[in-house]
Each structure stands twice: as C-alpha cells, then as structure tokens.
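# Residue-level structural notes
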Number of protein chains: 2
Amino acid sequence: MKGTNIYPIFDKTVQRSERETLLRQKGCVVWFTGLSGSGKSTLAIALERALLEKGYLCQLLDGDNIRSGINNNLGFSEEDRKENIRRIAEVAKLFVQCGVITLTAFISPTNEIRALATKIIGRENFVEVFVDTPLDICELRDVKGLYKKARAGEIKEFTGISSPFEAPVDPDLTLDTSRLSVEESVELLMNTILPKIKIKS
Amino acid sequence: MKGTNIYPIFDKTVQRSERETLLRQKGCVVWFTGLSGSGKSTLAIALERALLEKGYLCQLLDGDNIRSGINNNLGFSEEDRKENIRRIAEVAKLFVQCGVITLTAFISPTNEIRALATKIIGRENFVEVFVDTPLDICELRDVKGLYKKARAGEIKEFTGISSPFEAPVDPDLTLDTSRLSVEESVELLMNTILPKIKIKS
C-alpha cells in the first residue's frame, strides 16, 4: 500500500473558517437570558426550526441536554450555578469553532455570570437576547409548576421570587413574549442573526 | 406584523436525523486510544483533513481545546481523570446529536474509562480506534518530553511507565504507527468510517 497516497496529508488542524466555508455559514452563539417561563426555550426551538428551513446548521443547548448530561453532577449552590454556566459557555465555544449556530436557553440571571460566558465565548461570537417577559406573566404561565413551589418556599433562591434577576445592560435584542407572538419574535431574531451568520458571496 | 407569518413555527425540537439530512452525513464518534506519543492526534488531524476534503464536517476534541477549556478545573487524580473522560464523552455526545463526526484523541488508558465513554455516547455511535504503537517507539519519539520526566520520577502515574495501559478488548480498528505511514493509517480509517457516516441515497 505504501506510496499509493490516496489521501494527501496536511498536518494542520482544520480551522473554524474551513468548516464555515463547508457549511456556508458563520458560527455564533445566540444566548437567551430571562426568567423561568419567559419563553427562552420556546423561542430557541422556533428559531432553530426557522434557521434549519433556510439551510443553517444549529445546535440548541438547554436544560434537557445539559443538566442531564455534562452538568449532571452539579447542584444549585452559587458555586455550582457558576460552574454550570462556565461549562455551557465552554461547550458553546467548541460548537462555534465547529461553525455551528449555537442557541443556549438558560436563566443566567446575573451580569457577572453572563460576562463570564461572554468572555469564554468571545464578544464577537456572542448575541445576547433578553427575553423580557414580565414576572407576573411568567408566574401565571408556570409551565413547570416552579413558581408555585417557590412561593410555597419549597425551592430556595428561585430567580424572580427569592433571588434577583439582573436585566442585561446592553442586549443585542429584547423580546417580550407577552406582547409578541412567537412568529413575530422569530422574525426579529432572524433580522438580528442573519447578517451575522451569512457568508458574503 | 401580526399574522404575516413569514416563519411558520413548529414547536418540535430539531432532531439529529434532520441535521444529518442537512449535512448529508451521519454523526459518530471516532475514539482514538493509545499511549502518549502513539500518534493519536496526528492520525485524528490527518483523518479530519481527509474527511473535510470529501465534504464531511468533523470536530476534533483533544488536549488543546479540552484541557484548556471545559476541563481546565481538573487535575490528574483518579477521580479527575474519570471526570475528564466523562465530560469529553458528554461533549462528544452533543456533537453527535448535531450530526458531526467527532474525533477524540485522549490516552483513555483503562477499559473502565472507555466503557464509561461508550455508555454515554452509545455503542452504535462509537468507533474505537486503538493506536497500538509499541511503548519503546513512543518513548523514543517523546515529542513532549514527558517520558523523560516520567522516567526521572517527575511525573507520577504516567501511562506506560508507572501506570498501566489496558489494550481495548475489541476495537473497531487497530493501527501501529511504527509500521504504517500516516497515509496508510488514514486509508484504513476511511475504509472503517465511511460506511458508517455515508447517507444512503
């Protein structure tokens, strides 16, 4: 077999830009932040669907695939909450290196924690979306029954009830899902994101 | 804007199979295991390059992007080594869900540790490649100067010197880089992997 050389070898690791050329898209992280029940996951799922329809490769990171997987050994202490976000940001960074449009849906309630994520991912790769649905609407929805438990004191340090949510200082987009339909929100998201992910031809 | 409905919404999370259709490939993990200096990274880098040339999207996970990132808070205790592999496997699983061909290059010296990775990733997604280069050749290469340090007792529990390497029981492919050129190894890798990642048309 020697010398047949069917696969010419280059010893340089494949770069992000090469993957982006293959995918005909630029990678980035769309970081949804907001209260429990604000609509982060709903919007992220709808956005991923809309992007797929246009041929874009996305990956959603949310509680379903993160808390049950890489972060299944973390609790809810302040230290663990920070480690939770750190790992999510590190995973998102790897996906961006792969050229993937990465959507994350986590409460991420403080400026400190979001600054940590931004620093890891890189500001140039980071699109911050503040899902600014009023607390009373989120509590009325109470999809997971968590607000009820928090009001009953069964959950300690629940964001919005017994623990603060700090509004982002300068988000790339703010959406209030009590005023906008999912379709309207997705349209605004697409307007914000498409210019960042399109490769100029 | 209401009712314009430019982006019809489906509330179902995008599935792996949909991403694979978009990418025209099936995701999997190619798990390289072997001694330090055996050639794991060299082969993974060359394989990724060869796959890219054929239009396949890959992501390499190795010490460079894992130990400096998601695993930068882990040491080398037995517990931390296990957590190191657990996190790598969880990250690889997320990439497989994204439809990406994921190449991992870590010593991963024991059957227990590789069984953990296989369990997380799923046997059906897991291609085990044993880079079975003899210890004396690895030590002769000593690219990172680690064998010298290990022999001098400066590194404790160094695989192959003061800590055992357990050969995989039933690897999908075994490659000895002291006998095969990189080109030959890549050809064997491609023969093993292409049938698993091709989407039948």
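The present account deals with the structure reproduced in this document. (Residues numbered from 1 in each chain as written. Chains lettered and ligands numbered in written order. Predicted model: local features only at pLDDT ≥ 70, side-chain atom pairs only at ≥ 80, totals over all residues. Heavy atoms only, no water.)

## Let's talk about the sheet that holds strand 3 (residues 101–105) of chain B
Residue and element names in this part refer to chain B. Put simply, the rule reads: In short, DSSP must find at least two bridges between two strands for them to pair. Elements are defined by DSSP. Helices are runs of H or I of four residues or more, strands are runs of E of two residues or more, and each kind is numbered from the N terminus. Working convention: axes come from line fits to C-alpha atoms, limited for helices to the stretch in contact. Angles between N-to-C directions cover 0 to 180 degrees. Residue contacts follow a heavy-atom distance rule, with two residues in contact if any of their heavy atoms lie within 4.5 Å.
Across the sheet, five strands lie side by side as 2-3-1-4-5; this open sheet has parallel pairing. In the strand order of this sheet, the two ends are held by strand 2 (58–62) and strand 5 (173–175), each with one partner. The average undirected angle you get between the axes of adjacent strands in this sheet is 20°. Here five bridges tie strand 1 (residues 28–33) to strand 4 (residues 126–131), and the two strands are oriented parallel to one another. Paired with phenylalanine 32 across the bridge in strand 4 is valine 129. Contacts from helix 4 (residues 78–97) reach strand 1, strand 2 and strand 3 within the one sheet, and its direction differs from that of strand 1 by about 150°.

## Brief notes about the interface of chain A and chain B
Applicable threshold: Throughout, the accessible surface (probe 1.4 Å) given up by two parts as they are put together, summed over both, is called the buried area. Each reported salt bridge corresponds to a side-chain nitrogen of Lys or Arg within 4 Å of a carboxyl oxygen of Asp or Glu. By the criterion applied in these results, polar contacts are pairs of N or O atoms within 3.5 Å in which, for protein atoms, one can donate a hydrogen and the other can accept it, and in which residues neighboring in sequence qualify only through two side-chain atoms.
Counting from both sides, the interface comprises 56 residues of chain A and, opposite them, 56 residues of chain B. Here chain A meets chain B over a buried area of about 5,000 Å², counting both sides, of which 65% is carbon and sulfur. At the junction of chain A and chain B, the tally comes to six salt bridges. We note a salt bridge from arginine 49 of chain A to glutamate 18 of chain B, for which the minimum N-O separation is 2.5 Å. Linking chain A with chain B are 18 residue pairs in polar contact (both at pLDDT 80 or more). Of all the secondary-structure elements, those providing two or more residues to the side of chain A that touches chain B are helix 1 (16–23), helix 2 (40–53), strand 2 (58–62), helix 3 (63–66), helix 4 (78–97) and helix 8 (182–197) of chain A.

## Things to note about the environment of glycine 63 of chain A
Residues and elements named next belong to chain A. In this fold, glycine 63 is placed in helix 3. Expressed as a C-alpha distance, the spacing of glycine 63 and leucine 43, which sit 20 residues apart in the sequence, is 14 Å. When neighbours within four sequence positions are excluded, glycine 63 is seen to be in contact with Ser68, Ala105 and Phe106.

## A few points about the sheet that holds strand 4 (residues 126–131) of chain A
All names here are of chain A. With parallel pairing, the five strands of this open sheet are ordered in space as 2-3-1-4-5. The open sheet is flanked by strand 2 and strand 5 (173–175), the only strands paired with a single partner. For this sheet, the mean angle separating the axes of adjacent strands, direction not counted, is 20°. Two strands pair when backbone bridges link them, and strand 4 and strand 5 are joined in this way by three bridges, in the parallel orientation. Following the sheet pairing, valine 129 is matched in strand 5 by leucine 173. Running at roughly 150° to strand 1 (residues 28–34), helix 4 makes contact with strand 1, strand 2 and strand 3 (101–105) of the sheet. Along the sheet face, helix 8 touches strand 1, strand 3, strand 4 and strand 5 and points at about 165° away from the line of strand 5.

## Description of helix 2 (residues 40–53) of chain B
All names here are of chain B. Operational definition: Multiplying 1.5 Å by the residue count of a helix minus one yields the expected span of that helix. Relative accessibility thresholds used throughout: buried, under 20% of the residue-type maximum; exposed, over 50%; partly exposed, between the two (1.4 Å probe, protein chains only).
Along its 14 residues, helix 2 runs 20 Å from first to last C-alpha, staying within 8% of the 20 Å computed at 1.5 Å per residue. Of all 14 residues that make up helix 2, 11 are buried, and the element is covered over most of its length. Buried within helix 2 are the following residues: Lys40, Leu43, Ala44, Ile45, Ala46, Leu47, Glu48, Arg49, Ala50, Leu51 and Leu52. Positive phi shows up at glycine 55, right after helix 2, with a value of about 90°.

## Some remarks on the relation of the copies chain A and chain B
Our working rule: A least-squares superposition brings the copies together, and it is based on the C-alpha atoms of residues with pLDDT no lower than 70 in both.
Taken as rigid bodies, chain A and chain B are interconverted by a rotation of 180° and an axial shift of 0.0 Å, the fit giving an RMSD of 0.0 Å. Expressed as an axis order, the relation between the two copies is that of a two-fold axis. Minimal C-alpha distance to the rotation axis in chain A is attained by valine 91 of chain A, lying at 3.5 Å.

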